[in-house]
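Here are the chains, one letter per residue:
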Amino acid sequence: MSVNMDNMVKVFERPRSLTDAQFSYCPGCHHGLVTRIIAHTIDELGIQDRAVIVASVGCSVTMYEWFRCDGIQAAHGRACAVATGIKRVNSNLIVFTYQGDGDLAAIGTAESIHAANRGENITVIFINNQIYGMTGGQMAPTTLLGQRATSCPDGRNAQLAGYPIRFAEVIAQLDAPVYVTRQALYDQKRIMAASRAIKKAFQCQIDGKGYSLVEILTNCPTNWRMSPVESNSYVMNQVVGTFPLGDLVDRG
Amino acid sequence: MTGNEAMAEAAICAGCRAYFGYPITPQNEILEYMATRMPGVGGAFIQAESEVAAINMCYGASAAGVRTMTSSSSPGISLKMEGISYLAGADLPCVIINVARGGPGLGNISPAQGDYFQATKGGGHGDYRMIVLGPATIAEAIEMVMLAFDLADKYRVPVMILSDGMLGQMMEPITLPEPVDPASLPGKPWALTGARGRHPNVVTSYAIDPGDLSQINTKRQSRYHQIEEKEVRYRETETSDATIVIVAYGTVARIARTAVRMARSQGIKLGMMQPITLWPFPYAPLRTLSSRVNTILTVEMSAGQMIEDVRLAVADRAETPFYGEVGGLVTTPKDILREVKRNVS
Ligand SMILES: Cc1ncc(C[n+]2csc(CCOP(=O)(O)OP(=O)(O)O)c2C)c(N)n1
Ligand code: SF4
Ligand SMILES: [Mg+2]
């Protein structure tokens, strides 16, 4: 059978703002999905030549290698301070951070809260996979009660390790943020909603409105020791119970 | 103007358009001066939530191509060390002022020189170097802040001004330099300005492959060697006929100048060598000097840190006694003269 490409309509393609380099994420990991959604958003908004990626330390550490955008690698937890420095000296740039839960909600707590509290005109993408992926599956500040990790082998115990921190809610307490939302990716509907949220967060920045945070409940099939399909069910049935989905602040 | 305000104004003159800091005595006047001055020149100013945040804001602003500065005092400089290592690892220029105080720990707010090791021998992690300048007077501090920005840009390295609470708080009449127009400075093609019509620029210190990191580090080391060859600065006073020479930097050098005058009036052939670049340290000039004199007396407001570099340079060509005050006590010309006399036989 011969196929005439001229008559075909392209319904799916690699976002133009991505390079040809392969992601280093594990198969079935939501990191890859979010990274792709961001690239697609950058295409849609036409900001490839203004976007600056602030990569953090975690499984997404080399994020800047996959985009045809300027990028910078921030020290563990410091991404929001780095983004602040860039945006304050060049407001024409569209600056976003991409941070894990260890990065944003543990070691970077101060930088994350204060950038939000100053209302920095940046976009923060927060990957909540309830685990330290890159270092091999230790407990994160977001690990669920009872959820196992290598540093809480019997499951997280509130007496020893406190409770999973709901960071979007923390940020939502502040007066400055314009858009704070929590999203997930366990089915097609959720993926579409998360995509819209990410686009809206970038749009807030483009319009000069101020700080936005998109927390995304993601999986870590490798360290959860689950198949990607099982991990999707786990997010839907367990994780969402601790981290309710939806917009927390919308002043956009 | 206080030394702190003079250093802040010198930074503005040098074209610094981004300053991030956190309050700590005795450097608060730099932060406060920048808070009023920066908006007027269209620059960025933030009182950050910590010294860690401040140095990382510098990392971002510098990566975006702007002349950037932060300042603090000893405990805050300890917090900046992570960021300084990242600046060095990402080849970013930045100026850091340490208005040093007594330590370790919270110590006190008196002037001290206990941060020499931290400034010149690493402080942060990894194989890096930082240019360190030690001003003795406000006029020198102004000159060195201007120089610091030029060196930082030229070599793409962090540069530290290692001053102390004495210099920061004192007042002196000064003349300010001709201001530099930031737009007239050489371009930074590596800066993050948006990938428009060019390949993306990336600022990172990360190289997972040891071969890659080795190559990057080796290249950086060759820049360090260039700095060691070209940028050593020092000042010699009354050394031509001296039999004994004081080595001192910063505030101690200022005090020792008076000691030299006093000694000379008493017929003692005392000279002084003041290292201006603490890194690169003036090993070669000191080596040359050491073969002409009997004694090289190192004076510091510490238990003895620079003395290690002095002894490295001098080896056994001359006697190398040490005199130091610790804990934020400031030495006097009389104390120094007493030590000199003890060492001239
Ligand atoms: C100062 C510092 N401490 C610790 C580390 C080690 N480290 C690297 S990634 C990481 C945790 C990453 O977890 P998270 O932010 O949740 O990202 P994920 O890998 O799960 O996406 C840690 C602790 C580091 N690089 N720097
Ligand atoms: S370790 Fe976990 S979070 Fe990291 S890439 Fe693999 S699956 Fe994703
Ligand atoms: Mg994580």
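Just so we're clear, the structure is a prediction, and the values are computed from it rather than from any experiment.

Cut-off values and rules
- Residues numbered from 1 in each chain as written.
- Chains lettered and ligands numbered in written order.
- Predicted model: local features only at pLDDT ≥ 70, side-chain atom pairs only at ≥ 80, totals over all residues.
- Heavy atoms only, no water.
- Near = heavy atom within 4 Å.
- Polar contact = N/O pair within 3.5 Å; in protein donor to acceptor, adjacent residues only side chain to side chain.
- Areas by Shrake-Rupley, 256 points an atom, 1.4 Å probe, with all protein chains shown as cover.
- Helix = DSSP H or I, 4+ residues; strand = E, 2+ residues; numbered from the N terminus.
- Nonpolar A, V, L, I, M, F, W, Y, C, P; charged D, E, K, R; others polar.
- Buried < 20%, exposed > 50% of the residue type's maximum accessible area, 1.4 Å probe, protein only.
- Lys, Arg positive; Asp, Glu negative; His and termini not counted.
- Salt bridge = Lys/Arg side-chain N within 4 Å of Asp/Glu carboxyl O.
- Contact = heavy atoms within 4.5 Å.
- Pairing = 2+ DSSP bridges.
- Axes fitted to C-alpha atoms, helices over the stretch in contact; angles between N-to-C directions.
- Donors = N, O, S within 2.8 Å, 3.2 Å for Na, K, Ca; no water.
- Buried area = accessible area lost by both parts, 1.4 Å probe.

> Hey, could you run me through the site of ligand 1 in this one?
Residues and elements named next belong to chain A. Not every one of the 16 residues close to ligand 1 is listed here, only the nearest: His31, Asp101, Asp103, Gly133 and Met134. Taking isoleucine 131, its main chain carries an N or O atom lying 3.0 Å from an oxygen atom of ligand 1. Contact between ligand 1 and glycine 133: an oxygen atom at 2.8 Å from a main-chain N or O atom of the residue. In isolation ligand 1 offers 590 Å² of accessible surface; the protein chains occlude 77% of this area. Ranked by the residues each element gives to the shell around ligand 1, the list is headed by helix H3 (residues 101-107), at four residues. In the shell around ligand 1, the residues fall into six nonpolar, eight polar and two charged.

> Explanation requested: the side chain of Asp115(B) in the structure shown.
Residues and elements named next belong to chain B. Residue position: aspartate 115 is located in the loop between strand E5 (108-111) and helix H5 (116-120). Buried charge without a salt bridge: aspartate 115, with arginine 101 as the nearest opposite-charge side chain at an N-O distance of 8.2 Å. In this structure the side chain of aspartate 115 is engaged in a polar contact, spanning 3.0 Å, whose partner is the side chain of asparagine 98. Apart from residues lying up to four places away in sequence, aspartate 115 is in contact with Ser74, Asn98, Ala100, Leu162 and Gln305.

> Before we go on, may I ask you to explain the sheet that holds strand E13 (residues 295-300) of chain B in this structure?
Residues and elements named next belong to chain B. Taking strand neighbours across the sheet as the criterion, the five strands line up as E9-E11-E10-E13-E14 in an open arrangement whose pairing is mixed. With partners counted over all chains shown, the strands left at the sheet margins are strand E9 (234-237) and strand E14 (322-324), one partner each. Strand-to-strand twist across the sheet, computed as the mean angle between neighbouring axes with direction ignored, equals 20°. The pairing of strand E10 (residues 244-247) with E13 spans four bridges and is classified as parallel.

> Which parts of the structure should I look at to understand the coordination of the magnesium ion (ligand 3)?
Angles between donor atoms at a metal ideally measure 109.5 degrees for a four-coordinate tetrahedral arrangement and either 90 or 180 degrees for a six-coordinate octahedral one. All names here are of chain A. At 2.1 to 2.2 Å from the magnesium ion (ligand 3) lie its protein donor atoms, namely Asp101 (OD), Asn129 (OD1) and Ile131 (O). Of note, the magnesium ion (ligand 3) draws all its donor residues from one chain, in the sequence arrangement D-x27-N-x1-I. With a gap of 28 residues between them, aspartate 101 in helix H3 and asparagine 129 in the loop between strand E4 (123-128) and strand E5 (131-132) connect regions that are remote in the sequence. Across the pair, asparagine 129 and aspartate 101 agree in class, each one buried.

> I would appreciate a short explanation of the interface of chain A and chain B in the present structure.
Accessible area lost when the parts come together is the quantity often used to give the size of an interface. Residue-level contacts link 33 residues of chain A with 34 residues of chain B. Approximately 2,500 Å² of surface area, both sides summed, lies buried where chain A meets chain B, with 62% of it carried by carbon and sulfur atoms. When the buried surface of chain A facing chain B is broken down by residue, Asp49(A), Asp70(A) and Val89(A) rank first, second and third, together holding 23% of it. Put simply, chain A and chain B have four salt bridges between them. For Arg198(B), the salt bridge identified is with Asp70(A), shortest N-O distance 2.7 Å. Applying the counting rule to chain A against chain B returns 13 residue pairs in polar contact (both at pLDDT 80 or more). Looking at the side of chain A that touches chain B, the elements that each hand over two or more residues are strand E2 (70-73), helix H2 (79-89) and helix H4 (109-117) of chain A. Of the residues forming the side of chain A that touches chain B, the biggest block, seven residues, is contributed by H2(A). When grouped by side-chain class, the residues that make up the side of chain A that touches chain B number 15 nonpolar, nine polar and nine charged.

Fair warning: the whole summary comes from geometry, so function is off the table for now.
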